[in-house]
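Single-letter residue listing:
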Amino acid sequence: MLARFFQRLVNSLRYGTRLGPLIGRFQPWDDFYWPRYNKDFYRREISRVGYLDRLSETSWSIENARIIVSSKRDLHPNHRLIYETALNLRPRAITEIGCGGGDHLANLKLLLPEVYLVGFDVSADQLEFARERNFANDGVVRSCLYELRVDAHPRWKTSRTFCAEHGRDIPTLHSARGKLVAS
Amino acid sequence: MAVISRRYILLEENWWRHNYLRLIQSVLPDARVLALTNSGALGLLVDLNFGHGSCQIDGIKVSSDRDLQILLRNVPG
């Protein structure tokens, strides 16, 4: 109980102040309290967002690697950055670590239909939501037992993203070069 | 959130609470890190194949988390 309170206190400092990078050096735990992050929580979070989540909900076009949407709601700037970077780079394959509801993958599938896409997430609830929301009949999203960690330095090198459905480890960033995604 | 291709890793996060660059540089010392800005958003593009071909996208080269924080304050939008 006390430990949880302490974690919340540190996380609030990390989120709410500019001490984030400093605290990040010493914080050994994850940023999020994952048991809270279930399907219902995620659904509520999505409903609060005032941006366009899925390109399939409106008409859109691409002009000079920039996405033009016709609806009143625009894409979130961060999401636009992802899609337009992908449009510029035109990779053969894209893996999303922490795919959540799968909206990014669904949008990338529309924008780059020739690209091989796969998404991993540590939360079975979120993957179920992603399948329900975007990928009813294909295997784009897959479960992993451990999330790729990018902020807990001492553990980052040793943590694994484990694909439960395929029964094999996905290498961490440390050994990701040329291995993480089939090309 | 990380989007990964065979050559590139694109990170899009709340940068105020992270020290990603130090971590990336410790694990991937040869990688080149570019900051991409786009209408108020900031992402980090890690080029794993730096030195074996030019990057296919323009970005601002960043070498420390301090660079990133300064850049973040000046992101337009």
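Residues numbered from 1 in each chain as written. Chains lettered and ligands numbered in written order. Predicted model: local features only at pLDDT ≥ 70, side-chain atom pairs only at ≥ 80, totals over all residues.

Undergrad: It is not clear to me how the overall build of chain B should be interpreted in this structure. Could you clarify?
TA: Scanning chain B for helices and strands turns up two helices and five strands. Per-residue burial for chain B yields a buried fraction of 36% across its 77 residues. In chain B, the share of contacts with a sequence separation of at least 24, taken over all contacts with a separation of at least 6, comes to 54%. (Helix = DSSP H or I, 4+ residues; strand = E, 2+ residues; numbered from the N terminus. Buried ≥ 20, exposed ≤ 12 C-beta atoms within 10 Å, placed from the backbone. Contact = placed C-beta atoms within 7 Å.)

Undergrad: How should I be thinking about the packing of helix 4 (residues 77-89) of chain A against helix 5 (residues 103-111) of chain A in this particular structure?
TA: Two packed helices can be described by the angle between their axes and the distance between those axes. Residues and elements named next belong to chain A. Axis separation between helix 4 and helix 5 bottoms out at 11 Å; the angle between their running directions is 35°. At the point where helix 4 passes helix 5, the crossing takes the right-handed sense. Contacts from H79, I82, Y83, A86 and L87 of helix 4 reach helix 5 at H104, N107, L108 and L111. For the contact of helix 4 with helix 5, the residue count by class is six nonpolar, three polar and no charged. (Axes fitted to C-alpha atoms, helices over the stretch in contact; angles between N-to-C directions. Left-handed = near helix turned anticlockwise from the far one by under 90°. Nonpolar A, V, L, I, M, F, W, Y, C, P; charged D, E, K, R; others polar.)

Undergrad: Mind showing me how you'd approach the confidence of the model for chain A here?
TA: Detailed reading of the predicted coordinates is not advisable wherever pLDDT is low. All names here are of chain A. Counting all residues, the mean pLDDT for chain A is 69, and 60% of those residues have values of 70 or more. Across chain A, strand 1 (residues 60-63) holds the top mean pLDDT of 93, while helix 7 (residues 153-156) sits lowest at 38. Within the model, pLDDT remains below 50 along residues 145-183, and this stretch shows 79 contacts once partners closer than five positions in the same chain are excluded. (pLDDT = per-residue confidence, 0-100.)

Undergrad: Which parts of the structure should I look at to understand the pairing of strand 1 of chain A?
TA: Sheet faces and side chains relate simply in a regular strand, where the side chains alternate between the two faces. Residue and element names in this part refer to chain A. Bridge analysis of strand 1 against strand 2 (residues 66-69) gives four bridges, and the strand direction is antiparallel. Across the sheet, residue S61 finds its bridge partner in strand 2, namely I68. Linking strand 1 back to strand 2 in an antiparallel pair, the connection comprises two residues, with N64 at a positive phi of about 50°. (Pairing = 2+ DSSP bridges.)

Undergrad: For this particular structure, what's the right way to read unusual backbone geometry?
TA: Glycine aside, a negative phi is what most residues show, and trans is what most peptide bonds show. Residues and elements named next belong to chain A. Non-glycine residue N64 carries a positive phi angle of around 50°. Among the secondary structure elements, N64 is positioned in the loop between strand 1 and strand 2. For R90, which is not glycine, the phi dihedral falls at a positive 50°. On the secondary structure map, R90 appears in the loop between helix 4 and strand 3 (93-97).

Undergrad: Would you explain the nonpolar core in this entry?
TA: Across soluble globular proteins, you tend to see nonpolar side chains buried next to one another. Ranked by internal contacts, the top residues of the largest apolar core, which has 30 residues, are L108 of chain A together with Y8, I9, L10, L45 and V46 of chain B. Here V46 of chain B is in contact with Y8, I9, I24, L28, A31 and V33 of chain B, once residues within four sequence places are set aside. (Core = buried A, V, L, I, M, F, W, Y, C linked by C-beta atoms within 7 Å.)

Undergrad: I keep staring at the environment of R66 of chain B and nothing clicks. Help me out?
TA: Residue and element names in this part refer to chain B. When you line up the elements, R66 lands in helix 2 (residues 65-73). Assessed through the 11 C-beta atoms surrounding it within 10 Å, R66 is described here as exposed. Separated by 45 residues in sequence, R66 and L21 have C-alpha atoms that sit 9.2 Å apart.

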